[in-house]
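Coordinates in review
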Amino acid sequence: MKFNFYTLRVLVILGLMVSSITVSARGVYQTDQDFLIESFNGSVPNSKVVWIKGDLKSTIAEILGHHYVGLRIRYWQNEQASAWILEEIGKEKPITFGIVVADGKIATMKVLAFRESRGGEIRHPAFTEQFKQATLDELQLDRHIDGVSGATLSVRAMTVVARLALYLDKFTG
Amino acid sequence: MNRRMRSLHRSMGALVAIFVLILASTGILLNHTSDLDLDKRFLTWNWLLTHYRVNDVAADAVYLLDRHTISQFGSQVFVDTTPVTQSYEPILGGIIIDDLMVIATENALLLFTPDGEFIERMGDSVGIPSGIQNIGLFHGEPIVQTRDGMWRSDFMLDQWEQLSLDGVGWSEPQAMPESLQNALVSYFRAEGVSVERVILDVHNGRILGKYGLWFADLVGAFLVLISLTGLWLWARRRL
């Protein structure tokens, strides 16, 4: 009898240990303003806008795989770099990304806000590091980005905005 | 003790078997939502739409600007009957300045053309005051009331000065025009309910409302209990 009670107790504890606990990854990790202050070492240049029309509109649609929602995109640029705050839907909800491009290469890639229930792992530096120094080769990244299990659509969203930021940086000169 | 446990195990097994089948099959389907495009397939059965109360659509906020009606359903912002953008903050009011429709949320302004096309979302990164409570006009200039006071800008919306004014014409919520309400009901009915949502609601019991959720909890508790009685019997046999 004693053995059975002990066995049962051990099994229950083991069951609790192996049961997965889902931690929501949703949240705002950095405000847009803080991202810009950090990216430009406190001296944030005035914002500029690029209007989405003509050939630019169709190229952006080609990169995103759908039409861009909005008529203009705002960006910040100094002599060294340009910064972009872009949103793209992962599975159902938009993810906000902060991207800094310098010399035609990605210098910083960050998830500023994540609203999906799954796929938040893409915000970790171990993943975003893959984008550093990536550049554009005929609208595609010049490298393969390793996926994250269960976060395929979030990875796709990040890859797409990386391509978009690189293209827009080139377009705005 | 052993006999009683076996009897309890058998009774509960028969009771929960059907629900285990439902849970397992819906669980397998949910694991392959993207592969099966379940989130892109929609059901428009009348009884289902009635069950999901699609007929009872009620906007969270409605503002009338010039000839347009701006409304919000969840995170979706509509201009008249067209979904134009998403806002995860409630819309708090709207004004028209020059050739812009400006909608305020707590920490951003949403800009639209006079035809209702979405231009962009301006937030703290371009100096929009945060903690907005309302938006209005004072002699044609945009004013926002925030938790920290009142702020004024010009049509560019990129420079704001704090001040205190009387006589600001604040934006006020309106009722949804009836014709538009009917059109929006038609819009939501035509959109239907995604197969993924129905399967998920069957899986977690929400398809039967709050009682369904409690029922799913009860089935879950039975499953825990049946596992424990099963382990008990297994351990006894090994003695």
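Residues numbered from 1 in each chain as written. Chains lettered and ligands numbered in written order. Predicted model: local features only at pLDDT ≥ 70, side-chain atom pairs only at ≥ 80, totals over all residues. Heavy atoms only, no water.

1. Quick look at the layout of surface pockets
Let me state the cut-off plainly: Cavities and pockets were defined on a 1 Å grid built over protein atoms only: a cavity is a set of grid points that admits a 1.4 Å probe from which the probe cannot escape, a pocket is an open set flanked by protein on both sides within 12 Å along at least five of seven lines, and lining residues are those with an atom within 4 Å of any such point. Grid points are joined across faces, edges and corners, and a volume is the space filled by probe spheres set on the points. By the criteria applied, helices consist of DSSP H or I runs no shorter than four residues and strands consist of E runs no shorter than two, each listed in order from the N terminus. Lys, Arg, Asp and Glu make up the charged group, whereas Ala, Val, Leu, Ile, Met, Phe, Trp, Tyr, Cys and Pro make up the nonpolar group; the residues left over, Gly among them, are polar.
One number sums up the size of the second largest pocket: a volume of about 610 Å³. In terms of lining residues, the second largest pocket is bounded by 30 residues, among which A:S47, A:R74, B:M122, B:V126 and B:D158 are the most central. Elements represented by at least two residues in the lining of the second largest pocket include exactly α2 (32–39), β2 (47–51) and β3 (72–77) of chain A together with β9 (118–122) of chain B. Counted by class, the lining of the second largest pocket contains 16 nonpolar, seven polar and seven charged residues.

2. Digging into a nonpolar patch on the surface
In plain terms, the rule: Like-charged residues are merged into a patch within 9 Å and nonpolar side chains (Val, Leu, Ile, Met, Phe, Trp, Tyr) within 5 Å, provided each residue has over 30% relative accessible area and no salt bridge. Shrake-Rupley sampling with a 1.4 Å probe provides the accessible areas, and residues are treated as covered by the protein chains on show and by no other component. Note on definitions: salt bridges are taken to be side-chain nitrogens of Lys or Arg within 4 Å of carboxyl oxygens of Asp or Glu.
On the surface, a nonpolar cluster with roughly 330 Å² of combined accessible area is contributed by B:I18, B:L21, B:I22 and B:V202. One can find B:I18 in helix α1 (residues 2–31).

3. Some remarks on the pairing of strand β2 (residues 61–65) of chain B
All names here are of chain B. Here is the rule: Accessible area is worked out with a 1.4 Å probe on protein chains only. A residue is then buried under 20% of its type maximum, exposed over 50%, and partly exposed in between. Two strands are said to pair when DSSP picks up at least two bridges between them.
Of all five residues in β2, four are buried, a share of seventy percent or more. Here β2 runs beside strand β3 (residues 68–73); their pairing, made up of five bridges, is antiparallel. Residue pairing for β3: L64 is matched across the bridge by T69. Between the antiparallel neighbours β2 and β3 lie two residues, among them D66 with a positive phi of about 55 degrees.

4. Quick look at the interface of chain A and chain B
It is common to report an interface's size as the accessible area lost on association of the parts. Formally: Should any heavy atoms of two residues lie within 4.5 Å, those residues are considered in contact. Buried area counts how much accessible surface, traced with a 1.4 Å probe, disappears from two parts once they are put together, with both parts' losses summed.
Tallying the contact residues gives 27 residues for chain A and 26 residues for chain B. Across the chain A/chain B interface, buried area totals approximately 2,100 Å², and carbon plus sulfur atoms make up 61% of it. At the junction of chain A with chain B, the criterion picks out four salt bridges. Between A:R72 and B:E120 there is a salt bridge; the shortest N-O distance is 2.7 Å. The set of elements that each furnish at least two residues to the side of chain A that touches chain B consists of α1 (2–18), α2, β2 and β3 of chain A. By residue number, the principal contributor to the side of chain A that touches chain B is α1(A), which donates six residues. Of the residues belonging to the side of chain A that touches chain B, the class tally is 14 nonpolar, six polar and seven charged.

5. With respect to the packing of aromatic side chains
All names here are of chain B. The cut-off we apply is this: Under the pairing criterion, centres of Phe, Tyr and Trp rings, with the six-membered ring standing for Trp, must be within 6.5 Å; the plane angle then separates stacked pairs below 30 degrees from edge-to-face pairs above 60, leaving the rest tilted.
With the rule as written, the count across this model stands at eleven aromatic pairs over all chains. On the numbers, 5.3 Å between centres and 85 degrees between planes, the contact of F78 with Y187 is edge-to-face. With F78 in strand β4 (residues 76–79) and Y187 in helix α3 (residues 178–191), this pair connects stretches of sequence that are 109 residues apart. A network of ring pairs unites the aromatic residues F73, F78, Y187 and F188 as a single cluster.

6. Topic: the pattern of salt bridges
Close approach of charged atoms lets side chains of opposite charge pair. Residue and element names in this part refer to chain B. This structure, assessed with the given rule, holds 15 salt bridges over all chains. A salt bridge links D115 to R67; the shortest N-O distance between them is 3.3 Å. Pair noted here: D115 is in the loop between β8 (109–112) and β9 and R67 is in the loop between β2 and β3, with a separation of 48 residues, a long-range link. Just as D115 is exposed, R67 falls in that class too. A salt bridge links R197 to D201; the shortest N-O distance between them is 3.6 Å. Of this pair, R197 and D201 are both found in helix α4 (residues 195–204), four residues apart, which corresponds to roughly one turn of the helix. According to the relative accessible area criterion, D201 is buried, its value standing at 8%.

7. Observations regarding the pairing of strand β5 (residues 94–102) of chain A
All names here are of chain A. Here β5 lies mainly inside the structure; eight of its nine residues are buried. The sheet contact formed by strand β4 (residues 81–89) and β5 spans nine bridges and is antiparallel. Note that in β5 the partner of A81 across the bridge is A102. If you look at the hairpin formed by β4 and β5, you'll find four residues sitting between the two strands. Of the strand pairs in this sheet, β5 and strand β6 (residues 105–114) are connected by seven bridges, and their pairing is antiparallel. The partner of V101 across the bridge, within β6, is I106. In this antiparallel pair of consecutive strands, β5 and β6, the connection spans two residues, and D103 shows a positive phi of 55 degrees.

8. With respect to the sheet that holds strand β1 (residues 27–28) of chain A
Residue and element names in this part refer to chain A. Selection criterion: Each axis is a line fitted through C-alpha atoms, and for a helix only the stretch in contact is used; angles between axes span 0 to 180 degrees, taken between their N-to-C directions.
Taken in spatial order, the six strands make up an open sheet running β1-β6-β5-β4-β3-β2, and their pairing is antiparallel. A single partner strand is all that each edge strand has here, and the edge strands are β1 and β2. Those strands touched by helix α5 (residues 152–172) are β2, β3, β4, β5 and β6, and its axis lies near 145 degrees from that of β4.

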